[in-house]
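Spelled out from the first residue to the last, the chains are:
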Amino acid sequence: MRKRMDSFAAVAVSKKMRRRVGSPNPNEPVHPTTSTDMSVQASASDPSATPQVGFSGEATIHKTNRASLGLGQSSESCLVQIYPPDVVDGMVLLECERLLFGRDETSDIVLMDSGVSRRHAELVNDGDQYSIVDLGSTNGTLVNGSPVDRSVLQSGDTVRVGSFIFRFLSADSVETQYHETVYNALVRDALTGTMNKRYLLESMQREIARAVRQKATLSVAILDIDHFKRVNDTHGHLVGDEVLKEFGNRMTEISRADDLLARYGGEEFCLLLADTGLAEALEIMERCRQRISALPFMTADGPLDITASFGVACLDPIEATDPLELIKLADAKLYEAKKTGRNRVCG
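None of these values were measured; they are calculated from a predicted model.

What to know about the packing of aromatic side chains
Stage number 1. Scanning the model with the defined rule gives 3 aromatic pairs in all.
Stage number 2. Relative to F166, the ring of F101 has its centre 5.7 Å away and its plane inclined at 65°; by these criteria the two rings are edge-to-face. Separated by 65 residues along the polypeptide, F101 in strand β8 (residues 98-102) and F166 in strand β16 (residues 164-169) bring together distant segments of the chain. Neither F101 nor F166 differs from the other in exposure class; each is buried.
Stage number 3. Pairing F247 with F269 gives two aromatic rings, centres 4.9 Å apart and planes at 40°, and the pair type is tilted. Within this pair, whereas F247 is found in helix α4 (residues 237-254), its partner F269 is found in strand β19 (residues 268-274), the two being separated by 22 residues in sequence.
Stage number 4. A relative accessible area of 0% means that F269 is categorised as buried.
Stage number 5. Taking NZ or CZ as reference, K197 lies 4.7 Å from the ring centre of Y264, over its face.

Observations concerning the environment of M285
Stage number 1. Relative to the helices and strands, M285 is located in helix α5 (residues 278-294).
Stage number 2. Overall, the relative accessible area of 0% leaves M285 in the buried class.
Stage number 3. Considering only alpha carbons, one finds M285 and I222, 63 residues apart in sequence, at a separation of 9.8 Å.
Stage number 4. Excluding residues that lie within four positions of it along the chain, M285 makes contacts with A221, L271, L273, F310, V312 and V345.

A look at the nonpolar core
Stage number 1. Judged by nonpolar contacts, the single largest core of 37 residues is most densely connected at F247, M251 and M285.
Stage number 2. The contact partners of F247, leaving out residues within four places of it in the chain, are L223, I225, F269, I292, F297 and A308.

Points about α5
Stage number 1. Its 17 residues place the ends of α5 24 Å apart at the C-alpha level, agreeing with the 24 Å of an ideal helix rising 1.5 Å per residue.
Stage number 2. For α5, the complete set of buried residues consists of A281, I284, M285, C288, R289 and I292. Take α5 and look down its axis: the buried residues cluster within an arc of 145°, on one side only. In α5, the exposed positions angled more than 90 degrees off the buried face are occupied by A279, E283 and A294.
Stage number 3. Where α5 is buried, its residues meet β17 (218-225), α4, β19, β20 (297-299), β22 (308-314) and β23 (345-346).

Overview of unusual backbone geometry
Stage number 1. With an omega dihedral of -10°, the bond running from Y83 to P84 counts as a cis peptide bond.
Stage number 2. Of note, the phi angle at N144 is positive, near 55°, even though the residue is not glycine.
Stage number 3. Note that N144 resides in the loop between β12 (141-143) and β13 (146-148).
Stage number 4. For N144, a relative accessible area of 44% gives the class partly exposed.

Notes on the side chain of S203
Stage number 1. Tracing the chain through its elements places S203 in helix α2 (residues 197-214).
Stage number 2. Residue classification places S203 among the buried positions, given a relative accessible area of 5%.
Stage number 3. Those residues in contact with S203 that lie beyond four places of it in its chain are L260 and L272.

About the thresholds
- Residues numbered from 1 in each chain as written.
- Predicted model: local features only at pLDDT ≥ 70, side-chain atom pairs only at ≥ 80, totals over all residues.
- Heavy atoms only, no water.
- Phe/Tyr/Trp six-rings, centres within 6.5 Å; stacked < 30°, edge-to-face > 60°.
- Helix = DSSP H or I, 4+ residues; strand = E, 2+ residues; numbered from the N terminus.
- Buried < 20%, exposed > 50% of the residue type's maximum accessible area, 1.4 Å probe, protein only.
- Lys NZ or Arg CZ within 6 Å of the ring centre and 35° of its normal.
- Contact = heavy atoms within 4.5 Å.
- Core = buried A, V, L, I, M, F, W, Y, C linked by side-chain atoms within 4.5 Å.
- Expected span 1.5 Å × (residues − 1).
- Arc of directions from axis to C-beta.

Written out as structure tokens, the structure reads:
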């Protein structure tokens, strides 16, 4: 039986209950996901970690006799799926001694993703604390971005299994941290730490209205990692995710405090530059381009030389422009940068 929860409900997990989570859908516009058309190298220890991803992004709760529990009624710790964002069906109360993650249908949390082993990891109740234990998985289990064999979880820690990221909330902090977790999941891309497409478009709508009203300048840039599919196909999507995260970090470091950086989808990012004309925007993007290509990206497969292409468009303050129309203009310039050799800025 499938049960859909409201935004402040949770479902207790027992051995009679299974949760099945579909792989991230790369075509979903609101939830930009990890690079999914890539290969994962299977090892002899777990040949079940297959090289292709082709599942749709569906998350459902399968339960038998347990009713959903309101958040305010529970004193249990919980997991919240934050990537891809699913803070409704993605919240699970922890009421059993052990919770198995894997691709196998007998797992408590079934994750349909090629980067997940059949029996990938286990969440263990150690009495007054929870630990995550990797079960010899092909691609490893990460806590706060670092691979672990076994790790005691602190409230707020992130647990990554394949392409999925969960946040652990301890029983004494569920009330205070859940709402913050929900908000961040709605506005931020959990993988890269940048804002998401939804937040970007809402912000653009406000900034365009302000710029038109004040006859101010405003520019937008579309950024695309060059040959990203090649990275995925050669090194696997977990390395591709490392590249995405580092790209986001470098762009955040070099961007101005009032610039808005968002992951637009896949390997494409968008930078909103308020009070910035075209000439200045091109100069800023050139500095960004140099920052991306200056040093190799360090990954689990070693250093990778990464470059990016940039397309820039400027708002005409006399005529109101829809956010998507302005992005379309920048995207046309990005296409020009790709067509003329990549690793360049066009505007």
